[in-house]
Amino acid sequence: MNSKKICAILIAFAALAAFGAGAQSQQGSAGQSIKQDAKTVGHGVADGARDVGHATRHVARKVGHGAKEAGTGIGHGAKKAGVAIGHGAREGWDATKHAVKHVFSKDD
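Residues numbered from 1 in each chain as written. Predicted model: local features only at pLDDT ≥ 70, side-chain atom pairs only at ≥ 80, totals over all residues. Heavy atoms only, no water.

Secondary structure summary: the chain contains 1 helix and 0 strands in total. For the chain, buried positions account for 0% of its 108 residues. Looking at the chain as shown, the accessible area adds up to about 9,400 Å², and 66% of this sits on carbon and sulfur atoms. (Helix = DSSP H or I, 4+ residues; strand = E, 2+ residues; numbered from the N terminus. Buried < 20%, exposed > 50% of the residue type's maximum accessible area, 1.4 Å probe, protein only. Areas by Shrake-Rupley, 256 points an atom, 1.4 Å probe, with all protein chains shown as cover.)

Moving on, we get to the pattern of salt bridges. The final tally for this structure, using the stated rule, is 2 salt bridges. When the shortest N-O distance is used, the salt bridge between R50 and D47 registers 3.3 Å. Within this pair, R50 and its partner D47 are both found in helix α1 (residues 3-103), separated by 3 residues, close to a single helical turn. On the basis of relative accessibility, which here comes to 43%, the residue R50 falls in the partly exposed class. Taking the relative accessible area as the measure of exposure, D47 reaches 36% and is therefore partly exposed. (Salt bridge = Lys/Arg side-chain N within 4 Å of Asp/Glu carboxyl O.)

Right, let's get into a nonpolar patch on the surface. Residues V100, V103 and F104 make up a contiguous nonpolar surface patch of about 330 Å² in total accessible area. Looking at the secondary structure, you find V100 in helix α1. (Patch = residues over 30% accessible without salt bridge, like charges linked within 9 Å, V, L, I, M, F, W, Y side chains within 5 Å.)

That's the geometry; what it means functionally is another story.
Below is the structure:
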């Protein structure tokens, strides 16, 4: 091969190598851009999921506290009703006992 052909082949290889390096760097930057975009989207999804979790926790806490207060109110009401029934029964027993003593009094 003569020097002109060798020089033309070297120039062609140099141009091909330069084009390949340029294409590779552009492809790498596109890959980096896609990677960064995916990372940003991932962070957005994670932040949204965290916000939903916090909102769910807040609602569950409100419902739980409301149920606790309702249960406590019902329990206290039942206790008061039970005490009132007990007192009424005791008063009824005392009245019955007094009436029986009065009817069957030994003072006759």
